Amino acid sequence: MNKSIHLHIGAEQTTVSIDTHGAAAEVMVLDIGQSRTPAEFFKHSPPTEGEIEAAIMRVEDEVTRARTLVAGHTGLTTSDLAIRDIARVAGLPLQAEMLLTVEAVERLFDLLAAWSLGRPALRSGIPTDAAFAATLLILREFMHHLHFACIQVLGTPADAKA
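Heads up: these notes are all about the structure in this document.

Calculation notes
- Residues numbered from 1 in each chain as written.
- Predicted model: local features only at pLDDT ≥ 70, side-chain atom pairs only at ≥ 80, totals over all residues.
- Heavy atoms only, no water.
- Buried < 20%, exposed > 50% of the residue type's maximum accessible area, 1.4 Å probe, protein only.
- Helix = DSSP H or I, 4+ residues; strand = E, 2+ residues; numbered from the N terminus.
- Arc of directions from axis to C-beta.
- Axes fitted to C-alpha atoms, helices over the stretch in contact; angles between N-to-C directions.
- Parallel < 35°, antiparallel > 145°, perpendicular 65-115°, else oblique.
- Left-handed = near helix turned anticlockwise from the far one by under 90°.
- Contact = heavy atoms within 4.5 Å.
- Nonpolar A, V, L, I, M, F, W, Y, C, P; charged D, E, K, R; others polar.
- Pairing = 2+ DSSP bridges.

1. Considerations on helix 4 (residues 81-89)
- Among all positions of helix 4, only Ile83, Arg84, Ile86 and Ala87 are buried. Each buried residue of helix 4 sits inside an arc of 155° when the element is viewed along its axis, so together they form one side.

Right under this line is the structure:
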């Protein structure tokens, strides 16, 4: 049976589901999101190192709740446009399906951390909005703590032309 984990990072919450032939068999909702997390933790632009650390602690707590749901699954997928943007910023060619590695996510997160310490984000090529930072942080913590080597970013043929 073809099972993979599907990740959706929404504005207010993140949904993790086991995808079995296109039907979600089990779903878990995490109380972290691309708008919610920065609203709770990022008081500065760029967020300070302390704000990022506080957000990481909260995100880690939520992500580890999904450990039993994802146990035994090695495939991770998403159709989120925000994660597609992360893949593009990481340098992946725009295609209907892209494979984003945890190493590429870590490299971008290192740039985010450098930005929080005062390095100009524009020079590093990362977007400076809080939603991008939060999505990257959530994705990084999810992949890192739940041991996913990569995430398959799914789209449509039209996405490859965007």
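2. Some points on the packing of helix 5 (residues 102-116) against helix 7 (residues 130-145)
- Packing of helix 5 against helix 7 leaves a shortest axis separation of 10 Å and a crossing angle of 135°. The angle between helix 5 and helix 7 falls in the class oblique. Of the two possible hands of crossing, helix 5 and helix 7 adopt the one that is left-handed. Contacts from Val102, Val105, Glu106, Leu108, Phe109 and Leu112 in helix 5 reach Ala133, Leu136, Leu137, Leu139, Arg140, Met143 and His144 in helix 7.
- Within the contact of helix 5 with helix 7, the residues separate by chemical class into 10 nonpolar, 1 polar and 2 charged.

3. A closer look at the pairing of strand 1 (residues 3-9)
- Judged by how many residues are buried, strand 1 sits mostly within the fold: 5 of 7 residues are covered.
- Bridge count for strand 1 against strand 4 (residues 76-78) is 2 bridges, and the pairing is parallel. Pairing of His6 across the sheet is with Thr77, part of strand 4.

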